[in-house]
Amino acid sequence: MPNLDLDIAFWDYDRTRPLMDGRVQPEGINPKITVLRPREIFPRMLQLQEFHAAEMSLASYVILKARDQCPFVAIPVMLSKIFRHDCIYVWPDAGISKPADLRGKRVGLPQYSSTAGVFIKGLVQHEYGVPPTEIDWFMGGQDTPAPAPLVPLELPADIHLEFIPEDKTLEGMLANGELDALFATYIPNMFLSGSPKIARLFPNYKEVEQDYYRRTGIFPIMHTVVIREDLHAENPWVAASLYAAFTEAKDLAVDRLYDTDALALTLPFLIDHLEETWKTFGKDYWSYGVEPNRPALEALAQYVVDQGLAPRVVSPEELFLDEIGVG
């Protein structure tokens, strides 16, 4: 039986490079790999199902599952994880010195339903007691014109969301005092340039994030991997093959961190960094599978309900295929 030709899209991470360069081959599959940034992959997959399998916004996937409108199944491959405390920026004159001060303020964000935005809003509510109903939201492009929402927004009346004018950006509005805070997807240009009109809410974000993880066990997951439902129905074995391949690729990337020949010049710094990472996360700090990631999965499933994006809480068991045999 010939191998199955599949179009697969993801970004160029260290943990996907062994799939890109052919060191790892999914069993029974001839992968045609397209390397794109996530912001390019997501709309093409969500709107057109253009690829057989692809990297996907975890929040978009969870929302569609909760709405029973999802054309995908997923494997518990967590391609992107990142803490988001450092992504909360404030206008210095807005009188925001602590998270509780966000109550009643004007807050901009590029996508109300993006995973980054969902996790930031979730921690502001569950860690600091400010629900999304007590903030005035402004959605638009961070430094360029606004993209369309990844999933249709069906928000309840008590969520106050306004789309900013097409000729404005969130960074520009923050600089002009038209916004009090910005929940950013990436580091704002005005912050990188040293503008006095923007500051991080958590200057000591590293310590705050470490404490958050120790208390909650949540290492926020941004992206997973989805497979088109029609492909899965016809070829259910594909999920296990892809999961094994992504896992092998990730393990190769992690093992390379210990390659003293390849990393001789940076080894002292790297060892210090790894030891610090182990102290916080343990040796399996970039885990795939459901069980090691359960706190983050359960948190996100609750957050999308809290934020008016989903009608029900979806369990991790509903999100990922159980036939691939991973916990």
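Fair warning: this is a prediction, and the values are worked out from it, not measured in the lab.

**Q** I keep staring at the packing of helix α4 (residues 115-128) against helix α7 (residues 205-216) and nothing clicks. Help me out?
**A** A packed helix pair is summarised by two numbers, namely the angle formed by the two axes and the spacing between the axes. Between α4 and α7, the least distance of the axes is 13 Å, while the angle of their chain directions is 70 degrees. Compared by their axis directions, α4 and α7 come out roughly perpendicular. Once α4 is placed against α7, the crossing between them reads as left-handed. Within the contact between the two elements, α4 uses Leu123, Glu127 and Tyr128 and α7 uses Val208, Tyr212, Arg215 and Thr216. Grouping the amino acids of the contact of α4 with α7 by side-chain chemistry returns 4 nonpolar, 1 polar and 2 charged.

**Q** Is there a simple way to explain the packing of aromatic side chains in this structure?
**A** We describe a pair of aromatic rings using the distance from one ring centre to the other and the angle between the two ring planes. A full pass over the atoms with the stated rule returns 10 aromatic pairs. Pairing Phe119 with Tyr303 gives two aromatic rings, centres 5.9 Å apart and planes at 90 degrees, and the pair type is edge-to-face. In this pair, Phe119 sits in helix α4 while Tyr303 sits in helix α11 (residues 294-306), placing the two residues 184 residues apart along the sequence. Note on accessibility: Phe119 and Tyr303 belong to one class, buried. For the ring pair Phe219 and Trp286, a centre distance of 5.9 Å and an interplane angle of 85 degrees mean the geometry is edge-to-face. Placement of Phe219 in the loop between α7 and β11 (221-228) and of Trp286 in the loop between α10 (267-281) and α11 is noted, with a sequence separation of 67 residues between them. One aromatic cluster is present, formed by Phe83, Tyr212, Tyr213, Phe219 and Trp286 through successive ring pairs. Taking the ring centre of Tyr112 as reference, the NZ or CZ of Lys121 above it sits at 4.1 Å.

**Q** Is there a simple way to think about the sheet that holds strand β5 (residues 88-90) in this case?
**A** Taken in spatial order, the 6 strands make up an open sheet running β8-β7-β6-β9-β5-β10, and their pairing is mixed. For this open sheet the edge positions go to β8 (160-163) and β10 (199-200), each flanked by a neighbour on one side alone. In this sheet, strand β9 (residues 181-183) lies alongside strand β6 (residues 106-109) in parallel orientation, the contact comprising 2 bridges. Within β9, the position partnered with Val107 by the bridge is Ala181.

**Q** For this particular structure, what's the right way to read unusual backbone geometry?
**A** Note: most residues except glycine have negative phi, and most peptide bonds are trans. Of note, the phi angle at Gln49 is positive, near 45 degrees, even though the residue is not glycine. Here Gln49 lies in the loop between α2 (38-48) and β3 (53-57). In the Ramachandran plot, Asp68 falls in the positive-phi region, its phi being about 55 degrees despite a non-glycine side chain. As for its position among the elements, Asp68 is in the loop between α3 (58-66) and β4 (72-81).

**Q** What exactly am I supposed to notice about the pattern of salt bridges here?
**A** It is possible for side chains of opposite charge to pair when their charged atoms get near one another. Using the criterion set out here, one finds 19 salt bridges in the structure. Between Arg44 and Glu50 there is a salt bridge whose closest N-O contact spans 2.5 Å. Judged by its relative accessible area of 29%, Arg44 falls in the partly exposed class. In this structure, the salt-bridge partner of Arg228 is Asp230, at a minimum N-O distance of 3.1 Å. Salt bridges sharing partners connect three or more residues here, namely Glu291, Arg294, Glu298 and Glu317.

**Q** Explain α4 here, please?
**A** Because each turn of an α-helix spans 3.6 residues, side chains separated by three or four positions end up pointing in the same direction. The terminal C-alpha atoms of α4 lie 19 Å apart, and with 14 residues this matches the ideal 20 Å at 1.5 Å per residue to within 8%. Of all 14 residues making up α4, 10 are buried, and the element is well covered by its neighbours. Listed in full, the buried residues belonging to α4 are Thr115, Ala116, Gly117, Val118, Phe119, Ile120, Lys121, Gly122, Leu123 and Val124. Remark: Gly129 follows α4 within two positions and exhibits a positive phi of approximately 80 degrees.

**Q** Looking at this model, I keep getting lost on the nonpolar core. Mind explaining?
**A** As a rule of thumb, soluble globular proteins bury nonpolar side chains together. Formed by 105 residues in total, the largest nonpolar core has its most connected members in Ile75, Leu102, Phe183, Leu242 and Phe246. In this structure, Phe183 is in contact with Cys87, Ile88, Leu102, Val107, Gly108, Leu109, Pro110, Ile120, Lys121, Val124 and Trp137, ignoring residues within four places of it in sequence.

**Q** Hey, could you run me through the side chain of Arg228 in this one?
**A** With respect to the element layout, Arg228 can be found in strand β11. Not counting residues up to four positions away in its chain, the partners in contact with Arg228 are Met45, Gln49, Phe51, His52, Pro71 and Phe72.

**Q** Which parts of the structure should I look at to understand the confidence of the model for the protein chain?
**A** Any region with low pLDDT has predicted coordinates that should not be read closely. Of the residues in the protein chain, 91% reach a pLDDT of 70 or more, and the chain-wide mean stands at 91. Within the model, pLDDT remains below 50 along residues 262-267, and this stretch shows 5 contacts once partners closer than five positions in the same chain are excluded.

**Q** Would you mind showing me how to read α3 here?
**A** Most of α3 sits inside the fold, with 9 of its 9 residues counted as buried. Looking at α3, one finds that the buried residues are Leu58, Ala59, Ser60, Tyr61, Val62, Ile63, Leu64, Lys65 and Ala66. With its phi angle positive at about 55 degrees, Asp68 sits one or two positions after the end of α3.

Thresholds applied
Residues numbered from 1 in each chain as written. Predicted model: local features only at pLDDT ≥ 70, side-chain atom pairs only at ≥ 80, totals over all residues. Heavy atoms only, no water. Axes fitted to C-alpha atoms, helices over the stretch in contact; angles between N-to-C directions. Helix = DSSP H or I, 4+ residues; strand = E, 2+ residues; numbered from the N terminus. Parallel < 35°, antiparallel > 145°, perpendicular 65-115°, else oblique. Left-handed = near helix turned anticlockwise from the far one by under 90°. Contact = heavy atoms within 4.5 Å. Nonpolar A, V, L, I, M, F, W, Y, C, P; charged D, E, K, R; others polar. Phe/Tyr/Trp six-rings, centres within 6.5 Å; stacked < 30°, edge-to-face > 60°. Buried < 20%, exposed > 50% of the residue type's maximum accessible area, 1.4 Å probe, protein only. Lys NZ or Arg CZ within 6 Å of the ring centre and 35° of its normal. Pairing = 2+ DSSP bridges. Salt bridge = Lys/Arg side-chain N within 4 Å of Asp/Glu carboxyl O. Expected span 1.5 Å × (residues − 1). Core = buried A, V, L, I, M, F, W, Y, C linked by side-chain atoms within 4.5 Å. pLDDT = per-residue confidence, 0-100.

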